[in-house]
Structure formats: structure tokens, C-alpha cells
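Understanding the architecture of this molecule
This is what each chain is made of:
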Amino acid sequence: MSVRTTYQISGMTCGHCVNAVTTELTALPGVRDVQVDLAAGTAEITSDAVLPIDEVRNAVDEAGYQLAGIDG
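Thresholds applied
Residues numbered from 1 in each chain as written. Predicted model: local features only at pLDDT ≥ 70, side-chain atom pairs only at ≥ 80, totals over all residues. Heavy atoms only, no water. Core = buried A, V, L, I, M, F, W, Y, C linked by side-chain atoms within 4.5 Å. Buried < 20%, exposed > 50% of the residue type's maximum accessible area, 1.4 Å probe, protein only. Helix = DSSP H or I, 4+ residues; strand = E, 2+ residues; numbered from the N terminus. Contact = heavy atoms within 4.5 Å. Arc of directions from axis to C-beta.

1. Quick look at the nonpolar core
- In terms of nonpolar packing, the biggest core is built from 21 residues, with Ile 9, Val 21, Leu 25, Val 56 and Tyr 65 touching the most fellow members.
- Put simply, the parts of the chain that give this core at least two residues each are strand 1 (3-10), helix 1 (15-26), strand 2 (31-37), strand 3 (42-47) and helix 2 (53-63).
- Take this core: its biggest share by element is five residues, from helix 1.
- Excluding residues that lie within four positions of it along the chain, Val 21 makes contacts with Ile 9, Met 12, Val 36, Ala 63 and Tyr 65.

2. A closer look at helix 2
- Along helix 2, the positions that sit buried rather than exposed are Val 56, Ala 59, Val 60 and Ala 63. Along the axis of helix 2, the buried positions cluster into a sector of 95°, meaning they face one direction only.
- At the C-terminal side of helix 2, Gly 64 shows a positive phi close to 100°.

Here it is as C-alpha cells:
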């Protein structure tokens, strides 16, 4: 079973931003897939279990952006 969660990320403006966020989020334990939508400012993460929000926030911060919220 996997969990799919969409996060709002602010500050992304280009393909480099997408790559940076994807790289950091993919490195989190249990993450199976990351799909970043630049136009929507979101990252959809498929993981083995619900990820601790602090881990997601730290990964986004490390990439140089801000976690703005979670969609449903």
C-alpha cells in the first residue's frame, strides 16, 4: 500500500527549481515517486507511509523553497 500526498511549495520559478525539489524529496526514506508541477506550485509524493511533515519541510527548505501547505 502506498500513500499519495500533494504539498504546496512556494518560490519555484523554473526547471532548476523542479529538479532541486524533486532531488531533495526523493531522498526521503520511504518515498517511491515525486511529481512536481511548476505551474501549480505543487509536489505530489507517493510514499510507503505518511511522511512526517517536518521531514518534508526540511527537504523543501534544503532545496531553497518553502512548504506552503498540504492539499487534502
